[in-house]
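Secondary and tertiary structure notes
Here is how the chains run, residue by residue.
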Amino acid sequence: MMDNALIRRFEDQRLPRYTSYPTAPHFSAAIGEGEAKAWLQALDPAATLSLYLHVPFCRALCWYCGCHTQVPGHDAPVERYVGALEREIDQVASLLPAPMRVVHLHWGGGTPTIIGAERLRRVMGAIRRRFDIAAEAELAIEIDPRRFDPAMAAALQAERFTRASLGVQSFDPAVQQAINRHQSFAQTERAVDLLRGAGVAGINLDLLYGLPHQSVAACRETVTQALGLAPDRLAVFGYAHVPAMKRHQQRIDATSLPGAGERHTQAEAIAATLGEAGYAAIGLDHFARPGDALARALAEGRLRRNFQGYTADPAAALVGFGASAISALPQGYLQNTPRIVPYGDAVASGRLAVARGLALDADDRLRRDIIDRLMCDLAVDLGAVAARHGADADFIAERRALGDLARQGVVRLSGDRVEIVEDCRMLARAVAAVFDTRLAPAEGRHAAAI
Ligand SMILES: C[S@@+](CC[C@H](N)C(=O)[O-])C[C@H]1O[C@@H](n2cnc3c(N)ncnc32)[C@H](O)[C@@H]1O
C-alpha cells in the first residue's frame, strides 16, 4: 500500500489518463477535412484496421457519467444519427485505398444498444459491405445491463459479436441512489446469461470506486458479487469528478465523496479481492483471468492503450465513426465534431465530420512510445525506445523528475530502465506525465491522480 504521505503528495494533481499522447485537449481545429482525406487515402492497403463506433445516447443520465452522451427526447434523432453513421462509413471507406481488413471493432457510448437490433444490423451491414471483417476479429460492444433484451442478444449473435463490456459501477443501493443508477444484481446476471447464450463469450465488467457514499466494505461486496458472474475481465476505474466539464455531476454532493486516502483503500481492497480470485492486474485499472488475451498481451509485451483503455488489438490504425469519435492514424489523430446535429449535417452534406486533430511529429512519437510502455508495462527502457526512434536518450529534465519520484519510492531506476514500484501502480499517470511536454500545470479538466 502507498503510505499516507505519498497519497497526500499526489492527491491534488490533475492528470490525463493517457489514452492517447498527445492527449485530446491538445487537438486543434488547424487539422481538419483536408488532412483527414489525405491521411485516410495514404493508409497501407495491406494494413489492418480497428473500427470504433460511438453512440452518444442513453435512456437516462447517470450522474457520475463522464462520457459523451445525452438523453434523446424521441426516436427521430436516433434514426437520423444511425443514417449518418451509415453514410459516414461509406464516405470514409471510399477514401481508403482498398476494402481494408478489420481485426477489431468496438461500439461505445453512451449506450450503443439504444439504437435497437434492426439498426445495429443495418450499420453492421454497411461495415461488412465496405470492409473485410477478419474471421478472428474481436467484435465488442458496451452494454447497459438494465436495457438489454433477447432481440439485441439475437442481433449480436447473428453478427458474431465476441465481447461485451457491461457497466456495473456499484451494487450498493446507497451508492446507486446517489448516482441515479438503479441496477440489481439479477438484472446484471440476466444480461450476462443472455450474452453467453448468444455466443458472446468475452464478458467484461466495469466497476467504479470513489463514488458518493461508497465504502471499502461496499466495494468488496460489489466485487465479490461481480466475481459470481465469472467475468473474463474487469475494468476498475476511480470516479472522475469534473463537475465544471460535466454539469450533471453537480447533482452529486461533493461532501459525500471519499477522500484520496479512502479512494486508495477502496482501490486496494478491490485489487486484493481480484488478486485472491486469480485475476492478473493489467496496467492502471484492468484485471483479467491469466489465460485471457489481455493478460497474454501483457506477458508478451504487446499490450496497448487506446481510447477505451487497455487492449490487445494489433491493428495498425483506428478509424472512429460518430459524434466525438477519434481516429488514430499513422500521421496523427482526428476527432469528429462532438455535437450531434453538426455531425449529422456534415455527413449529410457529403463532408467529413472531422473538427480537429493533431499531426504527430518525431518528438510526439518518441514520447508516445515511452508513455504507452509506462501505462501498459509500468516500466520502460528509455535507451531502447529512443534507439527505436533514432533519438538520443538524454532526457535531462525528465531524469531529474524521475530522480525525485525514485526518492519518493514511486519508481526504481537502473541505467535507462524506469520501473514503477508495484504498490504505486496507481501513480502510473504521474510517472507518464514526466514525459508529457504539453501538460499545463493544474489543467483542471482532468481527474485527480489518485
Ligand atoms: C462509456 S461508459 C458506457 C457504459 C454503459 N452506457 C452502461 O450504462 O453501462 C463506460 C464506462 O465508463 C466508466 N465511467 C463513466 N463515467 C466515469 C467517470 N466519471 N469516472 C470514471 N469512470 C467513468 C464507467 O465505468 C462506465 O461503465
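The model shown is predicted, which means the values in this text are computed figures rather than measured ones.

Reading guide: rules and limits
Residues numbered from 1 in each chain as written. Predicted model: local features only at pLDDT ≥ 70, side-chain atom pairs only at ≥ 80, totals over all residues. Helix = DSSP H or I, 4+ residues; strand = E, 2+ residues; numbered from the N terminus. Rg over C-alpha atoms; globule rule 2.2 N^0.38 Å. Buried ≥ 20, exposed ≤ 12 C-beta atoms within 10 Å, placed from the backbone. Contact = placed C-beta atoms within 7 Å. Near = placed C-beta within 6 Å. Nonpolar A, V, L, I, M, F, W, Y, C, P; charged D, E, K, R; others polar. Expected span 1.5 Å × (residues − 1). Domains from an automatic or database assignment. Axes fitted to C-alpha atoms, helices over the stretch in contact; angles between N-to-C directions. Parallel < 35°, antiparallel > 145°, perpendicular 65-115°, else oblique. Left-handed = near helix turned anticlockwise from the far one by under 90°. Core = buried A, V, L, I, M, F, W, Y, C linked by C-beta atoms within 7 Å.

So, on to the overall build of the protein. Across its full length, the protein carries 15 helices and 19 strands. Taking 2.2 N^0.38 as the reference for a compact globule, 450 residues should give roughly 22 Å; the C-alpha atoms of the protein span a radius of gyration of 21 Å, in line with that estimate. Taking all 450 residues of the protein together, 46% fall into the buried category. Here the contacts in the protein between residues at least 6 apart in sequence split such that 74% fall between residues at least 24 apart.

With that settled, the discussion passes to the site of the ligand. Inspection of the region around the ligand gives 18 residues, with Gly66, Asp144, Gly167, Asp206 and Ala240 positioned closest. Contributions of two or more residues to the shell around the ligand are made by strand E3 (101-109), strand E5 (163-169) and strand E6 (202-209). Across the shell around the ligand, the residue classes break down as 8 nonpolar, 7 polar and 3 charged.

Another point: helix H7 (residues 185-197). Between the first and last C-alpha of H7 there are 18 Å, a value that for 13 residues agrees with the 18 Å anticipated at 1.5 Å per step. Packing partners of the buried residues in H7 comprise strand E4 (132-143), helix H5 (150-158), E5 and E6. Just downstream of H7 lies glycine 199, where phi reads positive at about 85°.

To continue, consider the environment of glycine 301. In this fold, glycine 301 is placed in the loop between helix H10 (293-299) and strand E10 (304-306). As a C-alpha pair, glycine 301 and aspartate 377 span 76 residues in sequence and 7.3 Å in three-dimensional space.

Here glycine 383 is to be found in helix H13 (residues 382-388). Given 13 C-beta atoms within a 10 Å radius, glycine 383 is considered partly exposed. Measuring from C-alpha to C-alpha, the distance between glycine 383 and valine 410 comes to 20 Å, with 27 residues separating the pair along the chain. With near-sequence residues (within four places) excluded, glycine 383 lies in contact with Ala393 and Asp416.

Each assigned domain of the protein is listed here: domain 1 (23-359) and domain 2 (362-448). Computed from C-alpha atoms alone, the centre-to-centre distance between domain 1 and domain 2 is 27 Å. Each partner contributes to the interface: domain 1 provides 16 residues, whereas domain 2 provides 11 residues. Contributions of two or more residues to the side of domain 1 that touches domain 2 are made by helix H9 (260-276) and E10. Ranked by residues supplied to the side of domain 1 that touches domain 2, first place goes to H9 with 3 residues. Among the residues forming the side of domain 1 that touches domain 2, the class breakdown is 10 nonpolar, 4 polar and 2 charged.

It is at 9 Å that the axes of helix H4 (residues 117-130) and H5 come closest, and there the two elements cross at 20°. Put simply, H4 runs roughly parallel to H5. The hand of the H4/H5 crossing is right-handed. Together, Ala117, Leu120 and Arg121 of H4 and Ala151, Met152, Ala154, Ala155 and Ala158 of H5 make up the contact between the two elements. Classifying every residue of the contact of H4 with H5 gives 7 nonpolar, no polar and 1 charged.

Below, the discussion takes up the nonpolar core. Counting 135 residues, the largest nonpolar core has Leu374 and Val431 as the members making the most contacts within it. Those residues in contact with leucine 374 that lie beyond four places of it in its chain are Val380, Ile420, Ala428, Val431 and Ala432.

The peptide bond linking tyrosine 21 to proline 22 adopts the cis configuration, its omega dihedral lying at -10°. Omega for the bond connecting glycine 109 with glycine 110 falls within 30 degrees of zero, at 15°, which places this linkage in the cis form. Its location among the elements puts glycine 110 in the loop between E3 and H4. Residue arginine 160 is not a glycine yet carries a positive backbone phi of 65°. With respect to the helices and strands, the residue arginine 160 is situated in the loop between H5 and E5. Under the C-beta neighbour-count criterion, arginine 160 is labelled partly exposed, with 14 such atoms within 10 Å. Phi at glutamine 169 takes a positive value of approximately 70°, unusual for a residue other than glycine. On the secondary structure map, glutamine 169 appears in strand E5.

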